[in-house]
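Coordinate analysis (summary)
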Amino acid sequence: MAAYHEEVKNKLTLKLREILRELPDFCREFFLALANSREIRTRVAYGYDLKIFFNFLVEECPKFMGKRVKELTIKDLANVTAADLNEFMSYTEYYINSEGEEKSNRENGKSRKLAAVRSLFKYFYRMEKISANPAELVITPKIHEKEIVRLEPNETAELLDIIEKGEKLTEGEKKYFEKNGKRDLAIVTLLLGTGMRVSECVGIDINDIDFDVNGVKITRKGGNEMVVYFGDEVERALRDYLEERKNKEPKQGHEKALFLSIQNKRIGVRSVEKLVKKYAQKVTVLKKISPHKLRSTYGTTLYNETGDIYLVADVLGHKDVNTTRKHYAQMQDDNRRRAAKAVKLRD
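Definitions and limits used
Residues numbered from 1 in each chain as written. Predicted model: local features only at pLDDT ≥ 70, side-chain atom pairs only at ≥ 80, totals over all residues. Heavy atoms only, no water. pLDDT = per-residue confidence, 0-100. Helix = DSSP H or I, 4+ residues; strand = E, 2+ residues; numbered from the N terminus. 1 Å grid on protein atoms, 1.4 Å probe; cavity = no way out; pocket = protein on both sides within 12 Å on 5 of 7 lines; lining within 4 Å. Points joined across faces, edges and corners; volume = space filled by probe spheres on them. Core = buried A, V, L, I, M, F, W, Y, C linked by side-chain atoms within 4.5 Å. Buried < 20%, exposed > 50% of the residue type's maximum accessible area, 1.4 Å probe, protein only. Contact = heavy atoms within 4.5 Å. Pairing = 2+ DSSP bridges. Salt bridge = Lys/Arg side-chain N within 4 Å of Asp/Glu carboxyl O. Expected span 1.5 Å × (residues − 1). Phe/Tyr/Trp six-rings, centres within 6.5 Å; stacked < 30°, edge-to-face > 60°. Lys NZ or Arg CZ within 6 Å of the ring centre and 35° of its normal. Patch = residues over 30% accessible without salt bridge, like charges linked within 9 Å, V, L, I, M, F, W, Y side chains within 5 Å. Areas by Shrake-Rupley, 256 points an atom, 1.4 Å probe, with all protein chains shown as cover. Lys, Arg positive; Asp, Glu negative; His and termini not counted. Charge placed at Lys NZ, Arg CZ, Asp CG, Glu CD. Axes fitted to C-alpha atoms, helices over the stretch in contact; angles between N-to-C directions. Parallel < 35°, antiparallel > 145°, perpendicular 65-115°, else oblique. Nonpolar A, V, L, I, M, F, W, Y, C, P; charged D, E, K, R; others polar.

What about the confidence of the model for the protein?
Close reading of the predicted structure is inappropriate where its pLDDT is low. Looking at the protein as a whole, the pLDDT averages 89, with 92% of positions reaching at least 70. Averaged pLDDT values for the elements of the protein fall to 60 in helix α14 (residues 321-342) and rise to 97 in helix α4 (residues 74-78).

So, in structure tokens, the structure goes:
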């Protein structure tokens, strides 16, 4: 597991260096400072967002037109106004990126881009390299809370039945199912039975599982390792898959990986997303079910069973319980509404 996460970190580090080569030179100082306070994934995301911001300046902002992104300087940054940043927020609603692809953002996406820009301006303002911080004057887009998408108990049961028995599959899907059915069932059962993130799931090594305590060691966001525990259904699915796993010959460098792809390499996040989508579409076409929605399903079930928001936050690996409370506040409201309807003052 540790080796896998180190490999991912190294790939992201190379990606960040690639992005930095396209950004103005003064950005290197900013990203070096970020290394002490932000994870590599966050820094890469900031890099992508700032690339969009600087492309906007040279392509859409009259005072910077004619310059290339690499030519921009701290003085140019100091000339950016709050009006320019508001224009950038409007620009991110729909634009064509440097690869010619159409892109659009709703409130969440726009807020993330504003966060990257704010962090950039805040740093150089604090270092007294610019005399003002216009990013602080820009209003954060109002986030409209989305309803939690999750599987109902009957849908969860049907999903697992379909994967276990290979029902409702096309002829082409059945061929893959014959080779990977037990693996797929183990993955989906593990996600539903622990609420772990898909990135945590694919990083598991065989020796991370301890059936003596029915626990599995995972690496959370931020690099912290912890053990999550699973029940009997997850145990059965994992044991069945591990018996089949013994007959596989992993590619060099992937010998320790628990879940293998069709090429006998460690399975990736995208592959898990595809298999979850494939099976979930047999259960419901109205809900777009992803591994993250399986995580929401677990969190909902655990909260309904225990009513303990702190327990849900701990098991899901949320650093701030308010994150959990925000996601599941709707359920609390539903409970209150149900309580109001349960009491009849007159028959």
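Looking at the layout of surface pockets
As a volume, the second largest pocket reaches approximately 500 Å³. As for the second largest pocket, its lining consists of 20 residues, and the residues nearest its centre are Thr156, Leu192, Thr297, Tyr298 and Thr301. Contributing elements (two or more residues each) for the lining of the second largest pocket: α7 (153-165), α8 (171-194), α10 (232-245) and α12 (291-306). In terms of residues, the lining of the second largest pocket owes the most to one element, α12, which gives seven residues.

Topic: the nonpolar core
By size, the foremost hydrophobic cluster in this structure holds 85 residues, and its most contacted members are Phe31, Phe54 and Phe259. A per-element tally of this core places helix α3 (residues 40-60) first, with ten residues. Not counting residues up to four positions away in its chain, the partners in contact with Phe54 are Leu23, Pro24, Phe26, Cys27, Val69, Leu72, Leu77 and Leu120. One finds Leu302, Tyr303, Ala313 and Val315 within the second-largest nonpolar core, a separate group that totals nine residues.

Quick look at the environment of Glu249
Looking at where Glu249 falls in the secondary structure, it is placed in the loop between α10 and α11 (269-280). On a C-alpha basis, the gap between Glu249 and Met65 in space is 56 Å, while along the polypeptide they are 184 residues apart.

Considerations on the pairing of strand β5 (residues 225-229)
With five bridges connecting them, strand β4 (residues 215-219) and β5 associate as antiparallel partners. Counted as the bridge partner of Thr219 is Glu225 from β5. The turn linking β4 back onto β5 is made up of five residues, and Gly222 within it adopts a positive phi angle of 95°.

Some remarks on the sheet that holds strand β3 (residues 209-210)
Here we have three strands laid out as an open sheet, ordered β3-β4-β5, and antiparallel in their pairing. Where the open sheet ends on each side, the last strands, each with one partner, are β3 and β5.

Concerning the pattern of salt bridges
Counted under the stated rule, the structure contains 21 salt bridges. Glu158 serves as the salt-bridge partner of Lys168, at 2.8 Å between the closest nitrogen and oxygen. One end of the pair, Lys168, is in the loop between α7 and α8; the other, Glu158, is in helix α7, and ten residues separate them in sequence. Between Lys246 and Glu243 there is a salt bridge whose closest N-O contact spans 3.0 Å.

Examining α3
Counted at 1.5 Å a residue, the expected span for α3 with its 21 residues is 30 Å, and the 30 Å between its end C-alpha atoms agrees. For α3, the tally of buried residues reaches 15 of 21 residues, placing the bulk of the element in the interior.

So, the environment of Leu260
Here Leu260 lies in the loop between α10 and α11. Overall, Leu260 belongs to the buried group, its relative accessible area being 1%. Separated by 80 residues in sequence, Leu260 and Asn180 have C-alpha atoms that sit 9.2 Å apart. Apart from the residues within four sequence positions on either side, Leu260 is in contact with Arg183, Tyr241, Arg245, Lys248, Pro250, His254, Lys265, Arg266 and Ile267.

Focus on the packing of aromatic side chains
Tallied over the full model, the rule gives 14 aromatic pairs. When the ring of Phe56 is compared with that of Phe88, the centres are 5.4 Å apart and the planes differ by 50°; the resulting orientation is tilted. Taken together, the residues Phe56 in helix α3 and Phe88 in helix α5 (residues 82-91) connect sequence positions 32 residues apart. A relative accessible area of 1% places Phe88 in the buried class. Among the aromatic residues, those joined into a ring-pair cluster are Phe26, Phe30, Phe31, Phe53, Phe54, Phe56, Phe88, Tyr91, Tyr95, Phe121, Tyr123 and Phe124. The ring of Phe211 is capped by Arg239, whose NZ or CZ atom sits 4.1 Å from the centre of that ring.

Looking at a negative patch on the surface
A cluster of acidic residues, Asp161, Glu164, Glu167 and Asp240, forms a negative patch on the protein surface. Examined against the element boundaries, Glu164 turns out to sit in helix α7.

Points about the packing of helix α2 (residues 27-34) against helix α6 (residues 107-126)
At a closest axis distance of 10 Å, the pairing of α2 and α6 adopts a crossing angle of 95°. Classified by the angle their axes make, α2 and α6 are roughly perpendicular. On α6, the residues touching Cys27, Glu29, Phe30, Ala33 and Leu34 of α2 are Ser119, Leu120, Tyr123 and Phe124. Of the residues in the contact of α2 with α6, the class split is seven nonpolar, one polar and one charged.

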